[in-house]
Every structure is written in C-alpha cells, then in structure tokens.
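Below are the chains, spelled out letter by letter.
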Amino acid sequence: MHIVVVGAGRVGASVAGWLVASGHEVAVIDEHEPTCSALDEALGSISIVGDGTDVGVLSRAGVNRADILIATTRRDDVNLAACQLAKHKFGVSKTISVVNSPDYSDMFVTLGVDVAVDIAEMVLGRVQEGM
C-alpha cells in the first residue's frame, strides 16, 4: 500500500517507521527540513519538505495514488484540511487523523475523516487501564 503521513513529529515518525517496517510504501510530509533529514537518515528517502495542506506538496508525495492519508500534526486545522484535500480532491479512500483538541472529535467524523484518534481520550483510557 502507498500511505502518505502528514507530520514527522513523534507520532508521525513512529507511524512511518512502523509502516516502512511492515513493507508499505510511505511518503512523509513535514515543513521542517531538519526533521525530514533526520527521518530520511533513519528510514530512507521518504520525506517531502512542505505544507501538508498544499496541493502541490501532496501531489509530490503521491497522494493521488495513496490508499491512506494519516495526519499527525499538532494542529487540528492542518490535520482536517489535509484529510479533506486527500479525500475530496485526490480521491483517497481512507483518512486517519490525530485530534489534539477533544472538542473537535465529532467534527472530524462529521466532515468525513474515517478514523479520528482523540489523543486525550486515548491517554485517559490507558491511565484507566493502568489503575
């Protein structure tokens, strides 16, 4: 599968590493060149420096042939916009997004994001499990 990840922070880099190790073709978009360089050094040349909400950058990442787009930035507006562009402009069949603010979880689902991962809810669940 070809999977595009928007955001190469801790979550995005971890997801990308798992996907590469699982044999998927991965492209990771991030605005920070040093972050992309570090990711390329660790995983091979998989990064694209740029804005994950820019149609040209998404095109360079091969989103037009992607099976999945995963948005992992710390900005909900960027994550939602990247998912919307992938789904409605490029026809990506599945979008997954981190939701940083719990207030927005329902909106992500209402607007067609297939899987909205609420960070606060996930952490709370793990804490509850641990107790």
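Note that this is a predicted model, so its numbers are computed, not measured.

*Asks:* Sorry, what's going on with the overall build of the protein here?
*Replies:* Counting secondary structure elements, the protein contains six helices and six strands. Overall, the protein shows an N-to-C arrangement of helices and strands of β-α-β-α-β-α-β-α-β-α-β-α. Sorting the 131 residues of the protein into buried and exposed places 40% on the buried side. Put simply, 46% of the contacts in the protein that link residues at least 6 apart link residues at least 24 apart. Carbon and sulfur atoms make up 54% of the accessible area of the protein, which totals about 7100 Å².

*Asks:* Is there a simple way to think about a nonpolar patch on the surface in this case?
*Replies:* Taken together, Tyr104, Met107 and Leu111 make up a surface patch of nonpolar side chains, about 250 Å² in accessible area. Within the fold, Tyr104 resides in the loop between strand S5 (94-99) and helix H5 (105-110). You can call Tyr104 partly exposed: its relative accessible area is 38%.

*Asks:* Teacher, can you tell me more about helix H4 (residues 76-88) here?
*Replies:* A rise of 1.5 Å per residue sets the reference length of H4, with its 13 residues, at 18 Å; its end C-alpha atoms lie 18 Å apart and thus fit the reference within 8%. The complete set of buried residues in H4 reads Asp76, Val78, Asn79, Leu80, Ala82, Cys83, Ala86 and Lys87. Contacts made by the buried residues of H4 are with strand S1 (2-6), strand S4 (68-71), S5 and H5.

*Asks:* Can you help me understand the pattern of salt bridges in this one?
*Replies:* Proximity of charged atoms lets side chains of opposite charge pair with each other. Summed over all chains, the structure comprises four salt bridges. The partner of Asp114 in a salt bridge is Lys87, with the nearest N and O atoms 2.8 Å apart. Taken together, the residues span a long stretch of sequence, with Asp114 in the loop between H5 and strand S6 (115-118) and Lys87 in helix H4 at a distance of 27 residues. Judged by its relative accessible area of 39%, Asp114 is partly exposed. In this structure, Arg126 engages Glu129 in a salt bridge whose closest nitrogen and oxygen atoms are separated by 3.9 Å. With Arg126 and Glu129 both in helix H6 (residues 119-130) and three residues apart, the pair spans about one turn of that helix. For the pair formed by Arg126 and Glu129, the shared burial category is exposed.

*Asks:* Is there a simple way to think about the pairing of S6 in this case?
*Replies:* In regular strands, side chains alternate between the two faces of the sheet. With four bridges joining them, S5 and S6 adopt parallel strand pairing. Considered in S6, the bridge of Ser97 is made with Ala116. Following the backbone out of S5, through H5 and into the adjacent parallel S6, one traces a crossover that is right-handed.

*Asks:* Sorry if this is basic, but what is going on with the environment of Leu58 here?
*Replies:* Mapped onto the secondary structure, Leu58 falls in helix H3 (residues 55-60). Taking relative accessible area as the criterion, Leu58 reaches 0% and is therefore assigned buried. Measuring from C-alpha to C-alpha, the distance between Leu58 and Ala27 comes to 9.6 Å, with 31 residues separating the pair along the chain.

*Asks:* Sorry if this is basic, but what is going on with the sheet that holds S1 here?
*Replies:* Read from one edge of the open sheet, six strands run S3-S2-S1-S4-S5-S6, paired in parallel fashion. The open sheet has two edge strands with one neighbour each: strand S3 (47-49) and S6. The average undirected angle you get between the axes of adjacent strands in this sheet is 15°. By the bridge criterion, three bridges tie strand S2 (residues 25-30) to S3 in an arrangement that is parallel. In the strand pairing of S3, Ile29 is matched with Ile48. Taken strand by strand, helix H2 (residues 33-43) contacts S2 and S3, and its axis lies near 170° from that of S3.

The rules behind each value
- Residues numbered from 1 in each chain as written.
- Predicted model: local features only at pLDDT ≥ 70, side-chain atom pairs only at ≥ 80, totals over all residues.
- Heavy atoms only, no water.
- Helix = DSSP H or I, 4+ residues; strand = E, 2+ residues; numbered from the N terminus.
- Buried < 20%, exposed > 50% of the residue type's maximum accessible area, 1.4 Å probe, protein only.
- Contact = heavy atoms within 4.5 Å.
- Areas by Shrake-Rupley, 256 points an atom, 1.4 Å probe, with all protein chains shown as cover.
- Patch = residues over 30% accessible without salt bridge, like charges linked within 9 Å, V, L, I, M, F, W, Y side chains within 5 Å.
- Salt bridge = Lys/Arg side-chain N within 4 Å of Asp/Glu carboxyl O.
- Expected span 1.5 Å × (residues − 1).
- Pairing = 2+ DSSP bridges.
- Right-handed = clockwise from strand over helix to strand, strands pointing away.
- Axes fitted to C-alpha atoms, helices over the stretch in contact; angles between N-to-C directions.

That's the geometry; what it means functionally is another story.
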